[in-house]
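If you want the building blocks of each chain, they are given just below.
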There are 4 protein chains.
Amino acid sequence: MKRKICVVITARASYSRIKTLLIAIKVHPSLCLQLVITGSCMLDKYGGLTKLVSQDGFDQIIKISNLLENENSTAAAKTTGLGVIELASVFENVSPDVVVTIADRYETMSAAIAASFMNIPLAHVQGGEVTGNIDEKVRHAVSKLADIHFVATASARNRLIAMGEVPENVWHTGCPSIDLAIQVKKDASLQFDYESCQSVSSASRYLVVMQHPVTTEHGFTKDQFWSLLKAVDELNIPTFWFTPNPDYGAARILKEIQRYSETGKNLKIHFLRNLHPEAFLKLIKHCACLVGNSSTGIREASLLGTPVVNIGSRQHGRERSLNVVDADFSLNAIMEAIQIQLDHGCYESASLYGKGDAGILIADILAKMKLSVNKQITY
Amino acid sequence: MKRKICVVITARASYSRIKTLLIAIKVHPSLCLQLVITGSCMLDKYGGLTKLVSQDGFDQIIKISNLLENENSTAAAKTTGLGVIELASVFENVSPDVVVTIADRYETMSAAIAASFMNIPLAHVQGGEVTGNIDEKVRHAVSKLADIHFVATASARNRLIAMGEVPENVWHTGCPSIDLAIQVKKDASLQFDYESCQSVSSASRYLVVMQHPVTTEHGFTKDQFWSLLKAVDELNIPTFWFTPNPDYGAARILKEIQRYSETGKNLKIHFLRNLHPEAFLKLIKHCACLVGNSSTGIREASLLGTPVVNIGSRQHGRERSLNVVDADFSLNAIMEAIQIQLDHGCYESASLYGKGDAGILIADILAKMKLSVNKQITY
Amino acid sequence: MKRKICVVITARASYSRIKTLLIAIKVHPSLCLQLVITGSCMLDKYGGLTKLVSQDGFDQIIKISNLLENENSTAAAKTTGLGVIELASVFENVSPDVVVTIADRYETMSAAIAASFMNIPLAHVQGGEVTGNIDEKVRHAVSKLADIHFVATASARNRLIAMGEVPENVWHTGCPSIDLAIQVKKDASLQFDYESCQSVSSASRYLVVMQHPVTTEHGFTKDQFWSLLKAVDELNIPTFWFTPNPDYGAARILKEIQRYSETGKNLKIHFLRNLHPEAFLKLIKHCACLVGNSSTGIREASLLGTPVVNIGSRQHGRERSLNVVDADFSLNAIMEAIQIQLDHGCYESASLYGKGDAGILIADILAKMKLSVNKQITY
Amino acid sequence: MKRKICVVITARASYSRIKTLLIAIKVHPSLCLQLVITGSCMLDKYGGLTKLVSQDGFDQIIKISNLLENENSTAAAKTTGLGVIELASVFENVSPDVVVTIADRYETMSAAIAASFMNIPLAHVQGGEVTGNIDEKVRHAVSKLADIHFVATASARNRLIAMGEVPENVWHTGCPSIDLAIQVKKDASLQFDYESCQSVSSASRYLVVMQHPVTTEHGFTKDQFWSLLKAVDELNIPTFWFTPNPDYGAARILKEIQRYSETGKNLKIHFLRNLHPEAFLKLIKHCACLVGNSSTGIREASLLGTPVVNIGSRQHGRERSLNVVDADFSLNAIMEAIQIQLDHGCYESASLYGKGDAGILIADILAKMKLSVNKQITY
């Protein structure tokens with residue numbers, strides 16, 4: 001009988017990070033994929049995934065709508081609480097052999113709790129890394145609930161082992177997000193999604209901005225946004241600006257984006273919610289500089305050789321390649337850093353986060369490894 | 001202005017373990033106590049706490065009823081999910097400066113998630129220890145969400161630091177459960193609660209049994225129960241048997257207890273739900289042997305010098321004193337181990353888990369320490 | 001394309017009441033059955049249905065565990081709230097054309113709200129009747145949310161129309177519970193389930209007791225139970241006593257049952273949780289008197305001609321046949337009424353609640369009627 | 001001891017409708033007010049109330065954040081389910097003698113279920129009226145759960161009695177919304193909130209638009225919005241346009257509003273979220289025509305004599321005065337109807353919905369009436 005692998009996706013970014021794994025599970029002779037879409041993926045406002053995922057050939061998707069309005073600091077907690085409740089029902093009905101949860105957003109905790117409290121082996125992808133924000137707490141807490149770890153880098157593996165995880169359960173497979181980036185990098189024929197990005201399609205040079213609220217610095221969200229916006233506005237280069245994840249503070253940023261949009265001032269800034277994963281990576285590959293605090297700058301962009309300006313504390317401590325220049329949230333710092341990157345141009349591709357076979361490796365381990373829910377810290 | 005310290009109690013055992021801290025917070029000039037009672041504490045069936053806590057002089061208790069019927073493996077997850085949701089509302093309404101969560105039961109995760117996701121500094125008592133069961137996962141996951149740690153032993157402190165916690169946030173205060181045990185040990189005048197325990201009050205020698213389901217060994221719950229029951233039945237010594245915590249499997253044990261009770265066979269076994277913390281400790285102090293898998297055997301009993309037979313994997317790995325003899329779940333092993341302890345009699349008091357001032361120490365640190373919700377693994 | 005009919009069952013009693021409709025939907029060429037099992041049906045403690053329903057040939061059952069421990073007055077509300085949340089997800093995933101909800105237990109409100117708030121046409125079976133208890137409020141509130149009504153009696157139809165429901169949406173089909181009762185009545189060959197009822201299987205004369213807590217008289221639950229128990233105890237006739245539904249007060253009754261069982265006093269009382277619907281009806285058919293406050297006494301028993309003593313306010317106002325003698329909760333009144341019924345013996349069968357074809361009629365209407373979610377009171 | 005009256009407010013509109021009752025309860029010698037703010041009132045996006053309510057002198061407000069993102073048809077159900085759960089906890093902690101719920105929005109069901117399932121007498125304000133939309137179902141279902149009814153009109157009282165409510169529990173007090181409208185009508189000195197409405201403050205003539213999605217006509221939401229917007233755009237009169245309630249479809253309307261705003265085309269349309277109740281009524285009092293489908297057009301505007309164009313089915317069947325002209329959603333119909341009203345000008349004040357003393361009357365009845373949770377349909 002095939003092992004049932006239930007993958008829970010809670011955010012648009014997680015889909016592109018896990019897509020090659022989903023495919024590898026789907027085609028694996030000993031595995032059966034159970035795909036759950038929840039959280040912000042269910043909403044167009046945050047770049048809904050349901051259509052996209054269907055178009056990519058995944059069917060029988062289980063949908064869970066659990067996102068609370070996020071103006072309030074209770075929203076992340078309540079969304080997660082609802083997620084625990086509803087995922088428990090999903091797991092009761094589809095009885096997976098393994099649950100897979102991804103990265104470190106707060107909602108990943110839902111899948112981790114529901115699975116571990118129901119004695120279902122839990123696999124965690126992208127554990128062992130270091131950042132700022134609530135993500136740092138969530139990532140390590142999920143690792144402590146997980147039975148199997150698939151990590152992106154050697155130092156992530158070392159860190160999990162130092163934290164007391166059993167070495168044979170920590171697999172250095174590389175990150176599946178890199179699998180897709182490598183395909184995009186290689187395949188010059190991959191079509192750029194002109195329709196979504198028409199306004200700057202012919203731009204010889206453009207920026208991409210991905211800036212998420214740092215929940216632990218909630219008081220500064222608005223100022224941080226305006227520093228960055230002012231910088232981009234002054235640079236006056238065509239820019240694709242992705243609207244933020246539904247973290248505490250996102251409502252505030254969306255409001256400011258709307259206010260700015262209404263001024264009609266800088267027609268060169270084009271706000272986007274989501275792109276198809278491959279189109280997205282193509283956009284990143286060709287951009288002159290990726291600005292903000294998304295992990296895409298650290299992960300996929302390092303492989304693609306894209307110059308990155310990483311702002312603030314959100315990615316603080318995460319391993320990085322030469323393509324990243326850090327800046328704080330002052331207008332000058334941001335503008336200077338972007339200028340350095342525009343002057344520098346493309347970087348060499350770095351394979352820090354993987355070699356392109358992570359999805360297949362992980363699927364294979366999931367098919368073969370002995371499953372258990374009993375674990376104990378090693379010291 | 002006083003710091004508001006919100007303590008969330010989810011199980012009867014947690015109350016006696018934290019009672020001296022509650023008092024210390026209540027009387028501290030710079031602190032204000034916000035007490036939340038939730039989970040199984042709300043139900044008589046599991047030894048309801050609400051009356052008891054009122055009688056002890058704590059008022060304005062906030063009550064949250066969130067326990068699902070636990071026949072089903074989803075119950076722990078859903079109870080926790082509901083807890084996250086409802087505690088988020090409590091925190092929104094009482095806006096604590098610090099949330100305190102205790103030990104490692106699954107429901108502690110509710111308070112940990114609600115607080116950390118709402119950027120409220122989270123203090124964790126009894127982290128850094130090692131056991132079996134889902135508790136092991138929960139304990140370390142809560143540590144990863146917590147900003148401040150109050151640990152019972154030096155090795156627990158070392159373990160948290162090894163796990164990457166910042167040393168200055170890990171306080172070796174001893175365990176508040178020991179505070180109460182020391183008071184009971186010293187004070188010969190403390191009244192034993194004869195009313196609740198009338199049937200064996202005059203017993204010269206009696207056993208106490210505290211056996212909880214091991215959720216990760218759910219298939220064996222019934223057999224484990226009957227092994228132990230058969231052993232106690234054959235020993236034919238007056239016995240106080242505490243009904244289990246509301247873990248997955250408890251419904252099954254309660255059903256077996258009922259079935260056994262209906263036979264009316266061994267009138268020497270008296271089933272109990274709860275006792276007042278002091279009465280409970282007095283019961284433990286004077287018993288000939290404490291049998292089962294409760295951490296009370298490892299913690300309070302070591303201070304009280306009570307002989308303990310610890311059965312199965314639940315406390316596997318937890319630091320222990322000489323008073324503990326381990327046994328597996330076979331009838332012979334249990335009977336032999338109990339006989340060894342009956343022959344041995346009292347042990348020397350051991351102060352492994354604290355010196356009796358933990359409550360006061362913790363309150364003092366909570367009053368003075370700099371609060372922050374930003375933390376990062378140290379390596 | 002077949003119409004998808006989603007039937008939500010929340011209590012053991014509802015299954016036997018709706019079973020012929022489930023079969024009729026399942027075999028109907030234009031209908032497709034989506035069966036959801038939730039609430040107390042998920043728990044053995046309250047007569048779990050999941051195995052039984054599978055054995056009856058229904059598959060792909062969707063399971064929702066949402067029952068809170070019911071010691072507390074919040075349990076019914078929270079169970080219902082959880083039900084709304086989880087059923088909304090079920091409906092989102094299986095997108096039914098019609099949702100069917102049954103009778104008047106508090107949890108039926110979950111299905112009614114989830115369906116009506118999601119613009120899914122809602123059909124209600126057994127509306128328009130009158131009783132006491134919270135059921136009275138729930139039943140009429142559900143009627144006000146429902147778009148299609150399938151009622152058991154002519155006066156129920158008149159009552160719904162008087163309440164402002166559009167006449168052409170109120171169908172007098174009879175009650176599906178009677179369908180099964182007629183089959184049992186006719187078929188002498190139907191096997192009685194001796195295994196479950198071994199202790200009185202050879203009894204020439206026996207009582208059946210079905211007594212549920214009246215939530216709006218919560219303070220009296222314990223006294224009501226003991227009045228009835230004393231009466232049955234003194235009559236000293238073999239008795240099958242069904243444990244109560246999970247209403248507020250059930251925990252108290254279960255505790256008293258346990259206490260009574262432990263006395264081992266009256267070995268003639270056999271406590272039961274559930275029986276297969278047909279076995280149950282056979283038990284009722286042959287019993288000397290059905291005692292308590294279940295609607296079974298009013299509905300199925302009138303068809304079967306079983307003498308019934310109906311106690312207290314729970315069925316107050318419900319249309320009844322000659323087979324019912326009412327009594328209040330005094331010991332004398334109960335004993336006298338039972339004696340009257342024992343002296344009287346069997347009654348003529350009455351077809352007040354249906355003629356045996358309700359399931360087929362309802363399925364047919366569901367297949368053909370125009371569906372709409374727009375309704376307005378008629379005055 | 002004072003009777004504790006817990007009033008649950010779930011939407012901005014409900015606050016102005018109930019404000020005089022809140023004051024009357026607060027100052028009543030035998031009553032104690034427990035005020036709960038929940039649902040969309042908690043969010044700025046939908047005109048958050050928490051600050052406003054504090055400024056009006058109400059303190060110790062209990063806050064419950066339970067609003068899910070409403071792009072999806074499950075949101076209303078899940079928000080209501082969460083509301084039931086959380087309000088049950090509130091009621092458990094503050095133990096009200098009566099719970100008051102207002103009008104007919106879907107979330108009112110939360111308070112109605114939590115209270116009635118917990119045996120707390122439920123009072124309903126604004127029952128017995130007729131409209132379209134899901135509101136129609138909700139309103140009558142809440143009436144069926146309620147023990148006490150405070151209705152606005154004589155025909156509403158007759159309707160509830162016809163529906164089987166006990167006449168002595170149906171009080172024709174008038175609607176508290178009219179109390180405030182009468183104060184505003186009389187008091188010429190009441191200050192208009194110029195700051196919020198600066199752009200048209202000096203307008204001699206302006207429109208107000210209040211258009212909510214009709215959840216049961218979800219497919220038409222976008223078209224309905226654009227018909228109305230086109231009409232207003234062509235009329236080219238200064239317009240205050242209130243953003244919609246958080247019903248299913250609101251996300252779509254907000255998106256269209258944003259799209260329209262970004263065009264910067266019609267600077268005469270000013271989008272608003274909320275106003276202080278008195279400022280709001282002043283705005284309505286002085287406007288040339290109130291356009292849309294809000295009940296304000298039917299209720300307060302009839303008292304204020306404001307010309308109203310009521311569009312579509314949402315208020316279908318609600319009693320109205322001469323000030324209302326109905327139109328369907330075609331561009332021509334809307335423009336014609338507005339023109340008729342502009343030509344007509346002010347209407348005579350009509351007291352159909354009350355005489356201005358509803359708040360005081362209701363508070364008095366709440367203080368004196370015998371409370372019970374037992375009710376039964378009268379036929």
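The notes below deal with the structure included here.

Reading guide: rules and limits
- Residues numbered from 1 in each chain as written.
- Chains lettered and ligands numbered in written order.
- Predicted model: local features only at pLDDT ≥ 70, side-chain atom pairs only at ≥ 80, totals over all residues.
- Heavy atoms only, no water.
- Least-squares fit on C-alpha atoms with pLDDT ≥ 70 in both.
- Contact = heavy atoms within 4.5 Å.
- Phe/Tyr/Trp six-rings, centres within 6.5 Å; stacked < 30°, edge-to-face > 60°.
- Helix = DSSP H or I, 4+ residues; strand = E, 2+ residues; numbered from the N terminus.
- Buried < 20%, exposed > 50% of the residue type's maximum accessible area, 1.4 Å probe, protein only.
- Expected span 1.5 Å × (residues − 1).
- Arc of directions from axis to C-beta.
- Buried area = accessible area lost by both parts, 1.4 Å probe.
- Salt bridge = Lys/Arg side-chain N within 4 Å of Asp/Glu carboxyl O.
- Polar contact = N/O pair within 3.5 Å; in protein donor to acceptor, adjacent residues only side chain to side chain.
- Pairing = 2+ DSSP bridges.
- Axes fitted to C-alpha atoms, helices over the stretch in contact; angles between N-to-C directions.
- Parallel < 35°, antiparallel > 145°, perpendicular 65-115°, else oblique.
- Nonpolar A, V, L, I, M, F, W, Y, C, P; charged D, E, K, R; others polar.

### Thoughts on the relation of the copies chain B and chain A
Okay, step 1: In screw terms, the move from chain B to chain A is a rotation of 180° and a rise of 0.0 Å along the axis, fitting with an RMSD of 0.0 Å. On the angle and the small slide along the axis, the relation comes out as a two-fold axis.
Okay, step 2: In this assembly, 100% of the residues forming the interface of chain B have copies in chain A that are likewise at the interface, indicating an isologous arrangement.

### Focus on the packing of aromatic side chains
Pairs of aromatic rings are described using the distance from one ring centre to the other and the angle between the two planes.
Okay, step 1: Within this structure, the stated rule accounts for 32 aromatic pairs over all chains.
Okay, step 2: Relative to Phe271 of chain B, the ring of Tyr260 of chain B lies with its centre 6.4 Å away and its plane at 80°, an arrangement referred to as edge-to-face. Here Tyr260 of chain B is found in helix H9 (residues 250-263), whereas its partner Phe271 of chain B is found in strand E10 (residues 269-272), with 11 residues between them in sequence.
Okay, step 3: Ring centres of Trp226 of chain C and Tyr260 of chain C lie 6.4 Å apart, and the angle between their planes is 70°; this geometry places the pair in the edge-to-face category. With a gap of 34 residues between them, Trp226 of chain C in helix H8 (residues 221-235) and Tyr260 of chain C in helix H9 (residues 250-263) connect regions that are remote in the sequence.
Okay, step 4: Judged by its relative accessible area of 25%, Trp226 of chain C falls in the partly exposed class.
Okay, step 5: The rings of Phe225, Trp226, Trp241, Tyr260 and Phe271 of chain A are connected pair by pair, giving a single aromatic cluster.

### Quick look at H9 of chain C
Okay, step 1: Taking 1.5 Å of rise per residue, the 14 residues of H9 of chain C would be expected to cover 20 Å, and the 20 Å separating its terminal C-alpha atoms lies within 8% of that figure.
Okay, step 2: Residues of H9 of chain C that are buried: Ala250, Ile253, Leu254, Glu256, Ile257, Tyr260 and Ser261 of chain C. Viewed along the axis of H9 of chain C, the buried residues span an arc of 160°, placing them on a single side of the element.
Okay, step 3: Against the buried residues of H9 of chain C lie H9 of chain B together with H8, strand E9 (239-242) and strand E10 (269-272) of chain C.

### Quick notes on the interface of chain C and chain D
Okay, step 1: Taken together, the contacts link 47 residues of chain C with 47 residues of chain D.
Okay, step 2: Summed over both partners, the interface of chain C with chain D buries about 4,100 Å², with 65% contributed by carbon and sulfur atoms.
Okay, step 3: On the chain C side of the interface with chain D, the three residues burying the most area are Phe117, Lys137 and Gln376 of chain C, jointly 19% of the side's total.
Okay, step 4: The partner of Lys137 of chain D in a salt bridge is Asp147 of chain C, with the nearest N and O atoms 2.7 Å apart.
Okay, step 5: Viewed at the interface, chain D and chain C are joined by 23 residue pairs in polar contact (both at pLDDT 80 or more).

### A short note on the relation of the copies chain C and chain D
Okay, step 1: You can overlay chain C on chain D at an RMSD of 0.0 Å; the transform is a turn of 180° with a shift of 0.0 Å along its axis.
Okay, step 2: Of all interface residues in chain C, 100% are interface residues in chain D too; the two copies therefore contact each other through one and the same surface.

### Overview of the sheet that holds strand E10 (residues 269-272) of chain A
Within a sheet, each strand pairs with its neighbour through backbone hydrogen bonds, oriented either parallel or antiparallel.
Residue and element names in this part refer to chain A.
Okay, step 1: One open sheet holds the 6 strands; their spatial order is E10-E9-E8-E11-E12-E13, and the pairing between them is parallel. The sheet is open, and its two edges are formed by E10 and strand E13 (324-327), each paired on a single side. Strand-to-strand twist of the sheet, defined as the mean angle between neighbouring strand axes without regard to direction, takes the value 20°.
Okay, step 2: Where strand E8 (residues 207-210) and strand E11 (residues 289-292) come together, 4 bridges link them in parallel fashion.

### A short note on the packing of helix H5 (residues 133-145) of chain A against helix H5 (residues 133-145) of chain B
Okay, step 1: Put simply, H5 of chain A and H5 of chain B touch, their axes get as near as 8 Å, and they point 170° apart. Considered as vectors, H5 of chain A and H5 of chain B are oriented roughly antiparallel to each other. Across the interface between the two elements, Lys137, Val138, His140, Ala141, Lys144 and Leu145 of chain A of H5 of chain A pack against Lys137, Val138, His140, Ala141, Lys144 and Leu145 of chain B of H5 of chain B.
Okay, step 2: For the contact of H5 of chain A with H5 of chain B, the residue count by class is 6 nonpolar, 2 polar and 4 charged.

Purely spatial values, then, with no claim about function.
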